[in-house]
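Below are the chains, spelled out letter by letter.
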Amino acid sequence: MKFIDEFRQGDLARTLAGAIAAEADPARSYHIMEFCGGHTHAIFRYGLQDLVPDNVRFVHGPGCPVCVLPIGRIDGAMALAEAHDVILCSYGDMLRVPASGRRSLMKAKAEGADIRMVYSTQDALRIARDNPGRQVVFFAIGFETTTPPTVVAIRQARAEGLANFSVYCNHVLTPAAIQNILSSPEVRDMGTVSIDGFLGPSHVSAIIGSQPYEFFAEEFQRPVVIAGFEPLDVMQSALMVIRQLNEGRYEVENEYTRVVTREGNPKAKALVAEVLEMRRTFEWRGLGLVPYSGLRIKADYAEFDAEARFTIPEQRVDDVKGCECPAILRGVKRPTDCKLFGTVCTPENPMGSCMVSSEGACAAYWSYGRFREAAAATPGYAVS
Ligand code: SF4
């Protein structure tokens, strides 16, 4: 398949692995954070960590959209469905993310709340049209990639006069999160987390372009390479990060030129700017309150803002005791550092958000990596 098969060729992967091994300086280490859950998934699925030398490490970042939403916002969505008797529409993964009291939207649905899984904002609009006597709320989550469809739905609802449709807006912004990670004490002061460079987001960058990363590449002296999601994209991008570090350069480079430009998608950006505005602060799981990192609906579109239409409880809630998701999302720990991994917590019974989506680090470890580390420690084990 075009744009798929040519980016999964084994012989090219071996050539890139050889180039990385040749150019990575054995006297130093390279810690490369992949921001996106899609990259985390590709790294585990294709065993890319095994193809690079030991001193090149992929560090998993907070780029899984369902992973970073704090429990308090899921509790808010549940309250909408239960206390306000709305039809709550949500993407599938979100239904399984644990909320307060070991509950989830899935459990609330089983107990009678009208919570419906949708594949797109258009599904939510259709449900609103089909149920004129009920309030329908779309539980909007995700990074800059999923924001434009939410905005289109709001504009469409206004154009159609759909008075029973509103959005519980939880969209978040990538550059603010990366900047927050780089400013954290673990990275900046204590040095307990090494992040030498970034694989920049793919689909997010298709919307916002590569330009927004230029500030912190220079300010924090970390190279950023916008990387596609296929295994050869990730290998090529890792090589580009290593080259920059070897040459003392801290620039934004774009490996994913078949999709991403420096300016991004101006039409999508204009639509988002018309309907949404930045919140002063927004809570992220793992990162805490991050300034100017979330979006809300502008006053001009307040009739479609579920937070203006309903009273939604707002409170900060701690993660499940023992769950290391917050540390994993900051790159401080790995899934196997969590005592619950693979015992109490599995994809069938997730204790934290990182075990729910296939883009979550714990779910990716579980699916593709849980035997790899044990095997690698076995005498005679070799990656072919
Ligand atoms: S294994 Fe489960 S409990 Fe542990 S960090 Fe991952 S999601 Fe949280």
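Presented here is a report on the structure given in the accompanying data block. (Residues numbered from 1 in each chain as written. Predicted model: local features only at pLDDT ≥ 70, side-chain atom pairs only at ≥ 80, totals over all residues. Heavy atoms only, no water.)

### Points about the overall build of the chain
Here is step 1: Secondary structure summary: the chain contains 18 helices and 13 strands in total.
Here is step 2: Against the globule reference of 21 Å for 384 residues, the chain gives a C-alpha radius of gyration of 21 Å, in line with a compact fold.
Here is step 3: Look at the contacts in the chain between residues 6 or more apart in sequence, and 76% of them connect residues 24 or more apart.
Here is step 4: Roughly 16400 Å² of accessible area belongs to the chain as shown, and the carbon and sulfur atoms make up 52% of that amount.
Here is step 5: Across the chain, 40 positive and 46 negative side-chain charges occur, with their mean positions spaced 3 Å apart. (Helix = DSSP H or I, 4+ residues; strand = E, 2+ residues; numbered from the N terminus. Rg over C-alpha atoms; globule rule 2.2 N^0.38 Å. Contact = heavy atoms within 4.5 Å. Areas by Shrake-Rupley, 256 points an atom, 1.4 Å probe, with all protein chains shown as cover. Lys, Arg positive; Asp, Glu negative; His and termini not counted. Charge placed at Lys NZ, Arg CZ, Asp CG, Glu CD.)

### Focus: empty space enclosed by the protein
Here is step 1: Summed over all chains, the structure comprises 5 cavities of 30 Å³ or more.
Here is step 2: When its volume is computed, the largest cavity comes out at roughly 80 Å³.
Here is step 3: Here the residues of the lining of the largest cavity sort into 10 nonpolar, 1 polar and 1 charged.
Here is step 4: Estimated volume of the second largest cavity: approximately 60 Å³.
Here is step 5: Contributing to the lining of the second largest cavity are 14 residues, with Gly61, Cys64, Glu359, Gly360 and Ala361 lying nearest its centre.
Here is step 6: Contributions of two or more residues to the lining of the second largest cavity are made by β1 (30-36), α2 (37-45) and β2 (56-63).
Here is step 7: Counting residues per element, the lining of the second largest cavity draws most heavily on β2, at 3 residues.
Here is step 8: Partitioning the lining of the second largest cavity into residue classes produces 7 nonpolar, 6 polar and 1 charged. (1 Å grid on protein atoms, 1.4 Å probe; cavity = no way out; pocket = protein on both sides within 12 Å on 5 of 7 lines; lining within 4 Å. Points joined across faces, edges and corners; volume = space filled by probe spheres on them. Nonpolar A, V, L, I, M, F, W, Y, C, P; charged D, E, K, R; others polar.)

### What about the pattern of salt bridges?
Here is step 1: Inspection of the entire model under this criterion finds 23 salt bridges.
Here is step 2: With a shortest N-O distance of 3.0 Å, Arg158 and Glu303 are connected by a salt bridge. Note that Arg158 is positioned in helix α8 (residues 147-160) and Glu303 in the loop between β13 (295-297) and α15 (306-309), a separation of 145 residues in sequence.
Here is step 3: In this structure, Arg262 and Glu214 form a salt bridge, with 2.8 Å as the shortest nitrogen-oxygen distance. (Salt bridge = Lys/Arg side-chain N within 4 Å of Asp/Glu carboxyl O.)

### Some details on α8
Here is step 1: Between the first and last C-alpha of α8 there are 20 Å, a value that for 14 residues agrees with the 20 Å anticipated at 1.5 Å per step.
Here is step 2: Thr147, Pro148, Thr150, Val151, Ala153, Ile154 and Ala157 are the residues of α8 that are buried. (Expected span 1.5 Å × (residues − 1). Buried < 20%, exposed > 50% of the residue type's maximum accessible area, 1.4 Å probe, protein only.)

### Quick word on the site of the ligand
Here is step 1: As a matter of local geometry, the ligand sits amid Cys323, Glu324, Cys325, Ile328, Cys338, Leu340, Phe341, Cys345, Met351, Gly352, Met355 and Cys362.
Here is step 2: Taking a 2 Å distance to the grid points as the criterion, the majority of the atoms of the ligand fall inside the largest cavity.
Here is step 3: Looking at the shell around the ligand, its residues break down into 10 nonpolar, 1 polar and 1 charged. (Near = heavy atom within 4 Å. Sits in = over half its atoms within 2 Å of the grid points.)

### Section: the sheet that holds strand β3 (residues 87-90)
Here is step 1: Judged by pairing direction, the sheet is parallel, and its 4 strands sit side by side in the order β4-β3-β5-β6 without closing on themselves. Strands with a single pairing partner mark the edges of an open sheet, and in this sheet they are β4 (115-117) and β6 (165-171). Recorded for the sheet is a direction-independent mean angle of 25° between the axes of neighbouring strands.
Here is step 2: Where β3 and strand β5 (residues 136-142) come together, 3 bridges link them in parallel fashion. What sits directly across from Ile87, in β5, is Val136.
Here is step 3: Most of the contacts of helix α5 (residues 71-83) go to β6, to which it runs at about 170°, and overall it touches β3, β4, β5 and β6.
Here is step 4: Set on the sheet, helix α7 (residues 121-130) makes contact with β3, β4, β5 and β6; between it and β5 the angle comes to about 170°. (Pairing = 2+ DSSP bridges. Axes fitted to C-alpha atoms, helices over the stretch in contact; angles between N-to-C directions.)

### Comments concerning helix α13 (residues 231-247)
An α-helical turn contains 3.6 residues, so a residue and the one three or four places further along point in the same direction.
Here is step 1: Between its terminal C-alpha atoms α13 stretches 25 Å, which fits the 24 Å expected from 17 residues at 1.5 Å a residue.
Here is step 2: For α13, the tally of buried residues reaches 13 of 17 residues, placing the bulk of the element in the interior.

### Description of the sheet that holds β2
Here is step 1: Judged by pairing direction, the sheet is parallel, and its 5 strands sit side by side in the order β2-β1-β7-β8-β9 without closing on themselves. Because the sheet does not close on itself, it has two edges, and the strands there are β2 and β9 (252-254). Mean inter-strand twist for the sheet, computed between neighbouring axes without regard to direction, equals 25°.
Here is step 2: Relative to β2, β1 is paired through 6 bridges, and the arrangement is parallel. Within the sheet, the bridge partner assigned to Tyr30 lies in β2 and is Val56.

### Some details on the side chain of Asp233
Here is step 1: Along the chain, Asp233 falls in helix α13.
Here is step 2: With relative accessibility at 0%, the residue Asp233 sits in the buried group.
Here is step 3: Of note is the side chain of Asp233, whose polar atom sits 2.7 Å from the side chain of Arg258.
Here is step 4: Discounting chain neighbours no more than four positions away, the residues touching Asp233 are Phe7, Ala227, Gly228, Glu255 and Arg258. (Polar contact = N/O pair within 3.5 Å; in protein donor to acceptor, adjacent residues only side chain to side chain.)

### A look at unusual backbone geometry
Here is step 1: Positive phi outside glycine occurs at Asp85, with the angle close to 55°.
Here is step 2: For Asp85, a relative accessible area of 51% puts it in the exposed group.
Here is step 3: Unusually for a residue other than glycine, Arg102 sits at a positive phi of about 55°.
Here is step 4: Tracing the chain through its elements places Arg102 in the loop between β3 and α6 (105-110).

### As for the packing of α2 against helix α17 (residues 361-369)
Here is step 1: Direction vectors running N to C along α2 and α17 enclose 15°, while the axes themselves pass 9 Å from each other. With respect to their mutual orientation, α2 and α17 come out roughly parallel. Classified by chirality, the crossing of α17 by α2 is right-handed. Here Thr40, His41, Phe44 and Arg45 of α2 come into contact with α17, specifically with Ala361, Ala364, Tyr365, Tyr368 and Gly369. (Parallel < 35°, antiparallel > 145°, perpendicular 65-115°, else oblique. Left-handed = near helix turned anticlockwise from the far one by under 90°.)

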